[in-house]
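Chain by chain, the residues run as shown.
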Amino acid sequence: LGLNQIGVETGEEGIRVNEQLRTNLPHIWAAGDVVGSLRYTHAAHAMGVIVGHNLVEPEKRLVDFRVLPRVVFTHLELASVGQTEKELSKLGRATVVGTAPIGRLGRALTDSEPDGLVKIVADATNGEILGASIAAPRAGEMIHELALAMQLHATMSNLASLIHAFPTYSEAIPLAAAEAIRKL
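Every chain's residues receive numbers from 1 upward, in the order its sequence appears when written. With pLDDT at 70 or above as the cut-off, local features in this predicted model cover only qualifying residues; side-chain atom pairs require 80 or more to be listed or tallied, and sums for whole chains, interfaces and linings still use all residues. As a rule here, side-chain values cover all heavy atoms of the structure and leave hydrogens and water aside.

Enquirer: How do you make sense of the overall build of the protein when you look at a structure like this?
Expert: Looking only at helices and strands, the protein features 7 helices and 7 strands. Going from the N terminus to the C terminus, the protein shows its helices and strands as α-β-β-α-β-β-α-β-α-β-β-α-α-α. Expressed as lengths along the three principal axes of its C-alpha atoms, the size of the protein is roughly 60 × 35 × 30 Å. The 184 residues of the protein split such that 41% are buried. Pairs of residues are marked as contacts when any of their non-hydrogen atoms sit within 4.5 Å. Considering only intrachain contacts with a sequence separation of at least 6, the fraction spanning at least 24 residues in the protein is 53%. About 10300 Å² of surface is accessible on the protein, with carbon and sulfur atoms providing 54% of the total. Charge assignment in this entry is limited to Lys and Arg as positive and Asp and Glu as negative, and neither His nor the chain termini are counted. To locate a charge, take atom NZ for lysine, CZ for arginine, CG for aspartate or CD for glutamate. If you average the places of the 16 positive and of the 20 negative side-chain charges in the protein, the two averages end up 3 Å apart. To qualify as a helix, a DSSP run of H or I must reach at least 4 residues; to qualify as a strand, a run of E must reach at least 2; elements of each kind are numbered from the N terminus. Only protein chains enter the accessibility calculation, which uses a 1.4 Å probe; a residue whose area is less than 20% of its type maximum is buried, one above 50% is exposed, and one in between is partly exposed. To measure how exposed things are, a 1.4 Å probe is used in the Shrake-Rupley method; for residues, cover is taken only from the protein chains shown.

Enquirer: Any chance you could explain the nonpolar core here in plain terms?
Expert: Within soluble globular proteins, side chains that are nonpolar generally end up buried alongside one another. The definition of a nonpolar core used throughout is a set of buried Ala, Val, Leu, Ile, Met, Phe, Trp, Tyr and Cys residues joined through side-chain atoms within 4.5 Å. With 32 residues, the main nonpolar core has Val118, Ile120 and Leu146 as its most contacted residues. Where this core is concerned, the elements lending two or more residues are strand 4 (77-82), strand 5 (95-101), strand 6 (117-123), strand 7 (129-136), helix 5 (139-151), helix 6 (156-161) and helix 7 (172-183). Per-element tally for this core: the top contributor is helix 5, with 7 residues. Listed in part, the 14 residues of the second largest apolar core include Leu3, Leu25, Ala43 and Leu68.

So, to be careful, I would describe these as geometric facts and stop short of saying anything about function.
This is the structure in C-alpha cells:
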C-alpha cells in the first residue's frame, strides 16, 4: 500500500492506531484485519462503525476490545470473552473460578447433548467478572450475556441471582457463578 512512503506507522501486528483507530497521521484511520490480531468479522465491523462515527462526530468513540466475544463454530461450539485464569495469574491478579457442567441441565438432557462446560473467572476481592469460557451447544449465543456482564462490571453475585428461563443452556451461567461465590 505504500504506507511507509507516506509516513503511516506499522508494526508486527499491522497498522498502528490509537484508541480512536486513528493512525499517527491525523487524516488517516484504519480498521479491520490491518490493525491487529483481532481477526473476527464482528471486530472489523465494530471498528468500521467507530471509524465512521469518529470521522463525522466531534465527540470521539474509543475502541474497547476487553469484552470482544471470540467464537469457534465447531461441535461443541467454543466461546470466550475477557482474560483467562492463566493470563490473570501471570499478571499477579488473585482470581476465583466457577464452573458448571452442561450435562446437569435439563436442556442438555432433552437434547442428548451432555458434554460441555461453562467457566467464569472473577476478581477474588470483589467478584467482578474478568473472563469466561464456554464449550457447549450454542456457546456463541451464551457468551454475549457474559460479555455484557463484563462491560457493566457485573459481579458473580449479579450473575448468580439472575433468573434464567428453563430449560436453557444458559442456566449454567448462574450455576458457575454460584460455585465461585462459595469459594470467595
